[in-house]
Amino acid sequence: MSTFLRLPASLRYAIATTILPLPQPTTTRWLRCFSSTTCRRTAAVNRSHQKTYRHALKLLATLQSNRAIRTDLADKKDSDDYAIPEMLEWARKAGYAPLDFAPVNGREGLRCIHVAGTTGKGSVCAMVERMLMVYRERFIEERNGGARGIGKIGLYTSPHLVTVRERIRLDGAPVSKELFTRYFFELWERFEASAKARTTEGDPTHPGYFRFLTLLAFHTFLREGVKTAIVECGIGGRYDSTNILPPEAVAVSAITKLELDHTDMLGNTIEEIAWHKAGIIKSGVPVFTMEMGQTLEVIGREARKQNEGSDLRPTSVVRLPALDQENVEMGLKGGFQKDNASLAVAVVGNYLHQLGQDITLSNNNLPEPIQKALAIVSVPGRHQVVSENNIIWHLDGAHTPASIAAVATWFADIMTTEFSSPNPPSSTMLIFNQDDSGGRKGSDFLKAMFDVLDKRLKVNPCFSSNWFTFAAFCTNDPYAKAKSPSIPLDRWETRPEQQRFVQQEKLANAYRSLESNTLYEVYGNVEEAVKLARRIAVQEEGRLLVLVTGSLKLVGGVLTVLGGREGLEEIL
């Protein structure tokens, strides 16, 4: 081709018209490519025009969704055996061997803090991120070498609430649209090139949704010079996509509180759950956990297996007494967050020790950087409060019975304070959804929530018989499909249309049996539930307190709708 392009234009024209008898419009465009370098530039512009953030989201939406993958895995008894080998093969197609992620053989690599667990993973990750950022700033001020050791901080977590960029953070902020787009297409094109080179047919061209994003996070971290990476497992741990990290790339492992969840994949007992979570333990890597008793024994057995001949054992963390001091402010509310904070402090303390920086803890005092970090840390969708005119939205994506009880405690305390004030709210509203999947049962979640509300509020004379004046039960879909047909697959409920509201009807019936309240509605999308709240707020003279809970995707849907055009653009 290069020899052909060096021929005179008239000769190129003659050859082209002889051997390429194309239709006239196409021929004319084709000939321009040979007669001028302008077309080559134009073609490059056209290709780059497709490499937009919006186009990246559309391509991402074509990947197999998490729900579909979990359904497939449930039907395959030996699927776990292939999970890590398949992920390693996708990493190879992306151009990475496991040790490429580690700071060995002269590479910069990543020093990862790997976090598994059932509840509290996101909170612990956010606390660790914020603590390390505060300590890095302190080390810079002190001209301390520890700042270089911490370096740029990356965080990979899931799921996202509004924008997929929330999953990949750099120094405390979601990766920018520009960087997301750049690294998305770098990875996407590597998979396409690998697919073109293969000799077998029928294999998928790209990995599934979560696998792709996991590799995108690692790719982004390496390209952006991240030194410290906080990596949250998706489901389980042993066979999770993040568990391709080799021991050389992991500095500390952490296992948060365990509960029965995703039992269709992880087992029906807490010991089986612990076995899956303990799968992230690696040789020579310290591990911290909030577990005790039988689950700690399971975690301990895995640690001994991975560290034969070593005295390295898991450290069981208990709540730091200093966190109960009145002068300690928690940005993340709820007593259980003090347990999460204790685990985060232990992880950060060990990580800094590895960098040659020790922090001093006592029963009554926390180091000032730790206190500062805990005061300012926040996690969207966890005990989040959003004000909109006279509506006060309270959002928490609790998705286990214990976490839903914690949310009920949080909201009961808010209601007690609000209704005891001189200017109490005029009404309350519940927006709820929970799918009967992964061993979960939505009606049990509602009962757990109302058990707490009954205990905490019945003693207060300010309340009537119903804790919620109104209620709405909706799917997690932010909008009606007709309004936004390109929403990524994992943001849509995928059941047939005639079956999609059956679960919401079941939840509504369960609610009515618990509160004897007929002022509720069932909707096919989140926007309709938000519209109901706004109509009620217009009619009410006082404030409307709304609790949104039961699912992180539901909370994400509400935040998307509240974000208006900006929220809609992120999912189109």
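Throughout, a residue's number is its position along its own chain's written sequence, starting from 1. In view of the model being predicted, local features appear only for residues whose pLDDT reaches at least 70, and side-chain atom pairs are presented and counted only at 80 or more, with totals across whole chains, interfaces and linings using the full set of residues. Values shown for side chains rest on all heavy atoms present in the structure; no hydrogens or waters enter the calculation.

Turning our attention to the sheet that holds strand E10 (residues 391-396). In space, the six strands of this open sheet follow the order E9-E10-E14-E11-E12-E13, with mixed pairing throughout. What marks the edges here is a single partner per strand, and that holds for strand E9 (384-388) and strand E13 (520-523). For this sheet, the mean inter-axis angle between neighbouring strands, taken without regard to orientation, is 15 degrees. Note on pairing: DSSP must find at least two bridges between two strands before they are called paired. Per the convention used, a helix needs a DSSP run of H or I reaching at least four residues, while a strand needs a run of E reaching at least two, with both numbered from the N terminus. When strand E11 (residues 427-432) meets strand E12 (residues 470-474), the two strands line up parallel, connected through four bridges. Counted as the bridge partner of Ile431 is Ala472 from E12. Along the sheet, helix H21 (residues 552-562) makes contact with E9, E10, E11, E12 and strand E14 (544-549), crossing E10 at roughly 145 degrees. Helix axes are fitted only over the stretch in contact, all axes being lines through C-alpha atoms; the angle between N-to-C directions runs from 0 to 180 degrees. We call two residues contacting when some pair of their heavy atoms lies within 4.5 Å.

To continue, consider the sheet that holds strand E2 (residues 152-156). Ordered by their spatial adjacency, eight strands build an open sheet running E4-E3-E2-E5-E1-E6-E7-E8, and the pairing between neighbours is mixed. Both outer strands of the open sheet, strand E4 (173-174) and strand E8 (315-316), are each paired with one neighbouring strand and no more. Examined bridge by bridge, strand E1 (residues 111-116) and strand E5 (residues 226-232) share five bridges and lie parallel to one another. Following the sheet pairing, Cys112 is matched in E5 by Ala229. Across the sheet, helix H15 (residues 336-354) is in contact with E1, E5, strand E6 (250-255) and strand E7 (287-289); its angle to E6 comes to roughly 165 degrees.

Soluble globular proteins tend to bury their nonpolar side chains together. For this analysis, a nonpolar core means a set of buried residues of the types Ala, Val, Leu, Ile, Met, Phe, Trp, Tyr and Cys, connected via side-chain atoms within 4.5 Å. Burial classes follow relative accessibility: with a 1.4 Å probe on protein chains only, a residue under 20% of its type's maximum area counts as buried, one over 50% as exposed, and anything between as partly exposed. The biggest cluster of nonpolar side chains holds 46 residues, and the ones touching the most others in it are Phe180, Phe184, Phe212, Leu216 and Phe221. Mapped by element, the contributors of at least two residues to this core are helix H5 (53-60), helix H7 (79-93), strand E3 (168-170), helix H10 (177-197), helix H11 (209-223) and E5. Among the elements that line this core, the one with the most residues is H11, at nine residues. Once residues lying within four places of it in the same chain are set aside, the contact partners of Phe184 are Ala56, Leu59, Leu60, Phe212 and Leu216. Core analysis: the second largest hydrophobic core is formed by 45 residues, Ile150, Ala251, Val317 and Val328 among them.

Moving on: unusual backbone geometry. Cis geometry marks the peptide bond from Ser158 to Pro159, where omega comes out at -10 degrees. The residue Arg143 is not glycine, and still its phi comes out positive at about 55 degrees. Relative to the assigned elements, Arg143 resides in the loop between helix H8 (121-141) and helix H9 (146-150).

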